[in-house]
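Residue-level listing of the chains:
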Amino acid sequence: MIEIVPSILSADFARLGEQVREAEAGGAERIQIDVMDGHFVPNITMGPLVVEAVRRVTRLPLEAHLMITNPQEYIETFAQAGADIIIVHQEVCPHLHRVIKQIKAAGKRAGVAINPSTPVFMLKDMLSLLDMVLVMTINPGFGGQELIPETLPKIVELRRMLAERHLSCDIEVDGGISEKTAAQVVKAGANLLVAGSSVYNKKESVAQAIERLRRAATSEHL
Ligand SMILES: O=C(CO)[C@H](O)[C@H](O)COP(=O)(O)O
Ligand SMILES: [Fe+2]
């Protein structure tokens, strides 16, 4: 099943609760919270307090996309704050197996993200332990960027690797997902499509935006 996953990075923070509820009412089945530390990526955003606040206004599963240099130091904090899926970046985890086990030990689903320049084979031996691989379709740090086309073959390759191993891990994509790119990433093999600026775009309601993206994602055209 194809899901549109709203990222609150582009939401109106002055009325965050409302914006999360709008996504839920609009049919979103999970929400992504982008955590940035100003070290791994050149931007600073939200932390566990925001996860805790969002947890209070929705029953949807929450994904914490941790774009931070020492994720192993914060797994339990984000688990306690109410994240259901914890996503760490491969690039900052020399002991990735240990971090995945740490997420599982906290009772949460484990995801690993890879930047556009990180090859999919870096995750080959960990695939059986993962609930999700997040293929970044932009360089992480900011919303509103354009999808990098070189990331599309990575999705195809990952889907093939999972099929070969009979694994049912989710493939999520994040960055530059719009009406124009949604069908392309689905065709490549992604099933979870994170969307920030195209969901919270101020031109239409959050529900309308989600519906438009879902239609584009599941259309045969393009
Ligand atoms: O991880 C992220 C940025 O690093 C965000 O999830 C992503 O940017 C979503 O924003 P948009 O859909 O506007 O590209
Ligand atoms: Fe993200």
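This text gives an overview of the structure that appears in the document. (Residues numbered from 1 in each chain as written. Chains lettered and ligands numbered in written order. Predicted model: local features only at pLDDT ≥ 70, side-chain atom pairs only at ≥ 80, totals over all residues.)

Topic: the packing of helix α1 (residues 16-25) against helix α2 (residues 48-57)
Two quantities define a packed helix pair, namely the angle between the helix axes and the distance between the axes. Look at α1 against α2: their axes get within 9 Å of each other, and the N-to-C directions meet at 55°. Of the possible angle classes, the one that applies to α1 and α2 is oblique. Note on packing geometry: the crossing formed by α1 with α2 is right-handed. Side by side, α1 and α2 meet where Leu16, Gly17, Val20 and Arg21 of the first sit next to Ala53, Val54 and Val57 of the second. (Axes fitted to C-alpha atoms, helices over the stretch in contact; angles between N-to-C directions. Helix = DSSP H or I, 4+ residues; strand = E, 2+ residues; numbered from the N terminus. Parallel < 35°, antiparallel > 145°, perpendicular 65-115°, else oblique. Left-handed = near helix turned anticlockwise from the far one by under 90°. Contact = placed C-beta atoms within 7 Å.)

Considerations on the environment of isoleucine 4
Relative to the elements of secondary structure, isoleucine 4 occurs in strand β1 (residues 3-6). When the C-alpha atoms of isoleucine 4 and lysine 202 are compared, they prove to be 18 Å apart, with 198 residues separating the residues in sequence. In contact with isoleucine 4, not counting residues within four places along its chain, are Ala28, Leu193, Ala195, Ile210, Leu213, Arg214 and Ala217.

Quick word on the nonpolar core
Counting 71 residues, the largest nonpolar core has Ala64, Ile86 and Leu193 as its most contacted members. Considering every element that reaches this core, the biggest residue donor is helix α7 (residues 206-218), with 6 residues. (Core = buried A, V, L, I, M, F, W, Y, C linked by C-beta atoms within 7 Å. Buried ≥ 20, exposed ≤ 12 C-beta atoms within 10 Å, placed from the backbone.)

Re the sheet that holds strand β2 (residues 31-36)
Strand pairing in a sheet relies on backbone hydrogen bonds, with the paired strands running either antiparallel or parallel. Pairing is parallel across the open sheet formed by 8 strands, whose spatial order is β1-β8-β7-β6-β5-β4-β3-β2. Unpaired on one side and paired on the other, β1 and β2 mark the two borders of the sheet. Strand-to-strand twist of the sheet, defined as the mean angle between neighbouring strand axes without regard to direction, takes the value 25°. Examined bridge by bridge, strand β7 (residues 170-174) and strand β8 (residues 192-195) share 3 bridges and lie parallel to one another. The partner of aspartate 174 across the bridge, within β8, is valine 194. Across the face of the sheet, helix α4 (residues 96-105) comes into contact with β4 (85-89) and β5 (109-114) while running at roughly 145° to β5. (Pairing = 2+ DSSP bridges.)

Things to note about the site of ligand 1
Around ligand 1, 21 residues are found, and the nearest of them are Ser7, Pro140, Gly143, Gly196 and Ser197. Those elements giving two or more residues to the shell around ligand 1 turn out to be β2 and β8. Partitioned by chemical class, the residues of the shell around ligand 1 number 6 nonpolar, 13 polar and 2 charged. (Near = placed C-beta within 6 Å. Nonpolar A, V, L, I, M, F, W, Y, C, P; charged D, E, K, R; others polar.)

As for the packing of α1 against α7
Between α1 and α7, the least distance of the axes is 8 Å, while the angle of their chain directions is 45°. The pairing of α1 with α7 is recorded here as oblique in orientation. Where α1 crosses over α7, the two elements pack in a sense that is right-handed. Mapping the contact onto sequence places Gln19, Glu22, Ala23 and Ala25 in α1 and Val206, Ala207 and Ile210 in α7. For the contact of α1 with α7, a count of residues per class yields 5 nonpolar, 1 polar and 1 charged.

Quick notes on helix α5 (residues 152-164)
The terminal C-alpha atoms of α5, which comprises 13 residues, lie 19 Å apart, in line with the 18 Å expected from a rise of 1.5 Å per residue. Within α5 the residues assigned to the buried category are Leu152, Lys154, Ile155 and Leu158. Around the axis of α5, the buried residues are gathered within 155° of arc, so they sit on the same side. For α5, exposure combined with an orientation more than 90 degrees from the buried face picks out Pro153, Arg160, Ala163 and Glu164. The inward-facing, buried residues of α5 contact β6 (132-136), β7 and α6 (182-188). (Expected span 1.5 Å × (residues − 1). Arc of directions from axis to C-beta.)

Quick look at the pairing of β2
Of all 6 residues making up β2, 6 are buried, and the element is well covered by its neighbours. Relative to strand β3 (residues 62-67), β2 runs parallel, the two sharing 6 bridges. Across the sheet, the residue bridging to methionine 36 is methionine 67, located in β3.

Interpretation note: all reported values are geometric properties and have no functional meaning in isolation.
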